[in-house]
Amino acid sequence: MWEMGRFHESCSKNVRFPAAAAARGTQHVMVEAPPLPEYSVNGYAMFPFLFSLGSLSPTGSRDRHDCGEFSRIQDMSLRLVYLSFALFAFCAIATAFGAPTGRGMIAPFESPTEFTPANRIDELTAAKWKELGITPSPLCSDAVFIRRVYLDLTGTPPPADAVQKFLADNDPRKRERLIESLFGTDAYADYWAMRWGDLLRIKSEFPINLWPNAVQAYGKWVRNAVLENMPYDRFARQLLTASGSNFRVPPVNFYRAAQDRSPEGLAQVVALTFWGTRAEKWPKDRLSGLAVFFSQVGYKPTGEWKEEIVCWDPAQSLTRSGTAANRSLVGTLPDGTRVPLPPDRDPRDVFADWLISPDNPYFAQVAVNRVWSWLFGRGIVHEPDDFRQDNPPAHPALLQYLADELVRSKYDLRQIYRLILNSRTYQLSAIPRDNTPQATAQFAHYPVRRLEAEALIDAICVITGTNEEYWSMIPEPYSIIPPGQRAVSLTDGSITSSFLELFGRPPRDSGLLTERSPRFTADQRLHLLNSSHIYRKLDEGPGLSWLRESPFNEATVRRLYLTILSRPPTSDELESLLQLGSGRGIRTREVATDAAWSLINSTEFLYRH
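Model, not experiment: these values are computed from the prediction.

Right, let's talk about unusual backbone geometry for a bit. The peptide bond linking Phe206 to Pro207 adopts the cis configuration, its omega dihedral lying at 5°. Turning to its location among the elements, Pro207 is positioned in the loop between helix H8 (186-200) and helix H9 (212-227). Geometrically, the link from His382 to Glu383 is a cis peptide bond, its omega value of 0° lying close to zero. With respect to the helices, strands and loops of the structure, Glu383 is situated in the loop between helix H16 (361-376) and helix H17 (396-408). A positive phi angle is found at Arg201, which is not glycine, with a value near 60°.

Printed below as a string of structure tokens:
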């Protein structure tokens, strides 16, 4: 008989748990925790839980387990309901998020430090909050900050020893030092190369068809640009004006990654990438005017298999338009300026000169808005690839300040990261104090959002000490990535896995931010809760061998929390878990594995916050 005891009696007002169903051993039990914290702050759904027992797929069929393994997972799921319920629903929500009002500091997620502007970003956001009557959230705690900045800069949660060291550090500038320490690391380069790879459509297969050799060259060039902090104006110029082999001059693949290689198709790709706008919605004459700058892009094969030369080929525009050889073309810039194009100069050079000029405010605005959206989950102009007159920025002065700083720093994107990450605005708690759309649009709290597919599986693999297999069936030859490679470091968008597909990795077909799905679906929850894939990692992974072999005591619980949630347990969490893990006829190994599975299924782990 499952006995809920005093825990259930004291917390049942916050959590619905059909204990009788669990006692009968029925296959499905629903455990629901209240949204974060609907009874105190804003109704933010940060901690929904679904524990589905019996390992059934959404279609009602058994997951693909043999009978023995199915039985083990079912038994583990029954134990998991009780332990995870008490561990997370009771402790993390009832004690940490159960504040009766939105005014007090909510431990362990918030800091008692008062908001004082650290830089110009904070002065601008604070002025806007005051103007609109918005109450911002308090600052986040140190534990939340180290996890947040690790995930936002490297796509990986911090190691437990790094968390301990950071929390013990009393230097008031430790957050700034942490940010600087992550710049230039391999993990930083991998993660941000992945971000740029999505935008630049780095993919071997249909419909982009770059081919593996070109993908590897292109991806390596992008990663080196991130690692070496190449100035953004030079990065853009090289992409726009490069000529040569797709294998030997990597930036030429920018033009090869366009599904439509007509001048109009290339113009749309350029407008989306550097102008943040969807040119396919422009009037036809406006798009045609921009397309003139790309009307002389030529593609020529070589004797090497799949090699292609991208070059300036004046004959292309003559063939397409019938223009006389001695007559110059006239292009129209996105701002409406008409530019005669001399016959002895590549039109792409003319366009690049205009685009990256400090006098062109849009190039810098689009760039900093994209960085802001990557760090906050939404842009100052939202969506970041939908710049248009009838979609104004939420905070024009903030956008202009960041654009000016990019130009002033000679297009040093890392300086923009530095300004944003060191701002108190970025370091706000994820628990809102103002439940209005305006507060969200004005960044009065840190937006909660699910980890990307790549970051999530990497985090699980790091914690459990396991690997994933990534593959691509086409184009030939069949590709398998060696074990141990991080998902965020996969250069080719065609190299994938069933987990990445399930959790919304973008196909890299269009370069649109909306290709990446942030939704949390029932299939995803069931996979995390019931699949043999996750079960084997937790039950057999060498990274958790210390957990399975250690006595389940206070030191073990503290290390477990630091490893998975990047924070120590609260006193209530610690006491509750130790009580639940003792004297109930469950082996220590089972308790430990169940606790790890529970934490990995918590929204605190699955989401940025």
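Let us keep going from here.
Below, the discussion takes up the nonpolar core. One recurring pattern in soluble globular proteins is that nonpolar side chains are buried together. Ranked by internal contacts, the top residues of the largest apolar core, which has 150 residues, are Trp196, Phe254, Phe274, Phe294, Phe351, Ile420 and Phe605. Discounting residues that sit within four places of it in the chain, Phe294 has contacts with Tyr255, Pro263, Leu266, Ala267, Val270, Arg348 and Phe351. Listed in part, the 6 residues of the second largest apolar core include Trp129, Leu139, Leu428 and Ala439.

Turning next to the packing of aromatic side chains. Evaluation of the coordinates by the stated rule reveals 31 aromatic pairs. Ring centres of Phe376 and Tyr426 lie 5.9 Å apart, and the angle between their planes is 90°; on these two criteria the pair is classed as edge-to-face. One end of the pair, Phe376, is in helix H16; the other, Tyr426, is in the loop between helix H18 (413-422) and helix H19 (437-441), and 50 residues separate them in sequence. Judged by its relative accessible area of 0%, Phe376 is buried. According to the relative accessible area criterion, Tyr426 is buried, its value standing at 0%. Ring centres 4.2 Å apart and planes at 15° place the aromatic pair Phe499 and Phe503 in the stacked group. Here Phe499 and Phe503 have matching classes, each one buried. What links up through ring pairs into an aromatic cluster is the set Phe183, Tyr188, Tyr191, Trp192, Trp196, Trp221, Tyr232, Phe235, Phe363, Trp374, Tyr411 and Tyr417. Sitting over the ring of Tyr299, Arg261 keeps its end group 4.5 Å from the ring centre. A cation sits over an aromatic face here: Arg559 above Trp546, 3.9 Å from the ring centre.

Rules and cut-offs
Residues numbered from 1 in each chain as written. Predicted model: local features only at pLDDT ≥ 70, side-chain atom pairs only at ≥ 80, totals over all residues. Heavy atoms only, no water. Helix = DSSP H or I, 4+ residues; strand = E, 2+ residues; numbered from the N terminus. Core = buried A, V, L, I, M, F, W, Y, C linked by side-chain atoms within 4.5 Å. Buried < 20%, exposed > 50% of the residue type's maximum accessible area, 1.4 Å probe, protein only. Contact = heavy atoms within 4.5 Å. Phe/Tyr/Trp six-rings, centres within 6.5 Å; stacked < 30°, edge-to-face > 60°. Lys NZ or Arg CZ within 6 Å of the ring centre and 35° of its normal.

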